[in-house]
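Structural overview for review
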Amino acid sequence: MPATRTLHHSHGRRILTIRPAHDQQAAARRRAATEPAWQDEYPRWRPPVELAVAWIVQHSNRRLHHRGTLKNHTWLHTRAAALSLRRLINLGLSHTGTTWQLSSATA
């Protein structure tokens, strides 16, 4: 499959670009609309995710800090990993030798 599929209107007025993941996203939306298990889980996970995004934006992470897509991509993933690790440590994650363990009191 090409990187993008582009459809042009016959008069050249409209251009519709379909990204490579379009089919996967459409299938996921259909599953979300029809699967009761997904609908039961969604309200449980949405608030914490929105709080995490709001916290990141609030703490001076709204603007990009580097020039170039690759550097910003790396920074974002490193920042997200660091925040996730800090959250897990606050929930009781510990490292003993070669294994990581989450305390059972928070699980």
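None of the values given here were measured: they were computed from a predicted structure. (Residues numbered from 1 in each chain as written. Predicted model: local features only at pLDDT ≥ 70, side-chain atom pairs only at ≥ 80, totals over all residues. Heavy atoms only, no water.)

1. Topic: a nonpolar patch on the surface
Put simply, the rule reads: Without a salt bridge and with relative accessible area above 30%, a residue can belong to a patch; like charges are then joined within 9 Å and nonpolar side chains (Val, Leu, Ile, Met, Phe, Trp, Tyr) within 5 Å. Per-residue and other accessible areas were derived by the Shrake-Rupley procedure at a 1.4 Å probe size, with only the shown protein chains allowed to occlude residues. A carboxyl oxygen of Asp or Glu within 4 Å of a side-chain nitrogen of Lys or Arg is what we treat as a salt bridge. Only DSSP runs of H or I covering at least 4 residues are called helices, and only runs of E covering at least 2 are called strands; the numbering of each starts at the N terminus.
Among the surface-exposed residues, Leu85, Ile89 and Trp100 lie close enough to one another that they form a single nonpolar patch of about 330 Å² accessible area. Turning to its location among the elements, leucine 85 is positioned in helix α3 (residues 69-90).

2. Some details on the pattern of salt bridges
Note the threshold: Using a 1.4 Å probe on the protein chains alone, a residue whose accessible area is under 20% of its type maximum counts as buried, one over 50% counts as exposed, and one in between counts as partly exposed.
Going through the model one piece at a time under the given rule, you end up with two salt bridges. Among the salt bridges present, the one from arginine 44 reaches glutamate 41, with a minimum N-O distance of 3.2 Å. Linking arginine 44 with glutamate 41, this pair stays in helix α2 (residues 36-58), spanning three residues, or about one helical turn. Between arginine 46 and glutamate 50 there is a salt bridge whose closest N-O contact spans 2.4 Å. One end of the pair is arginine 46 and the other is glutamate 50, both in helix α2 and four residues apart, which spans about a single turn. The exposure class assigned to arginine 46 is partly exposed, which follows from its relative accessible area of 42%.

3. Details of the pairing of strand β3 (residues 93-96)
Our working rule: A pair of strands is labelled paired if DSSP reports no fewer than 2 bridges between them.
With four bridges connecting them, β3 and strand β4 (residues 99-102) associate as antiparallel partners. Counted as the bridge partner of serine 94 is glutamine 101 from β4.

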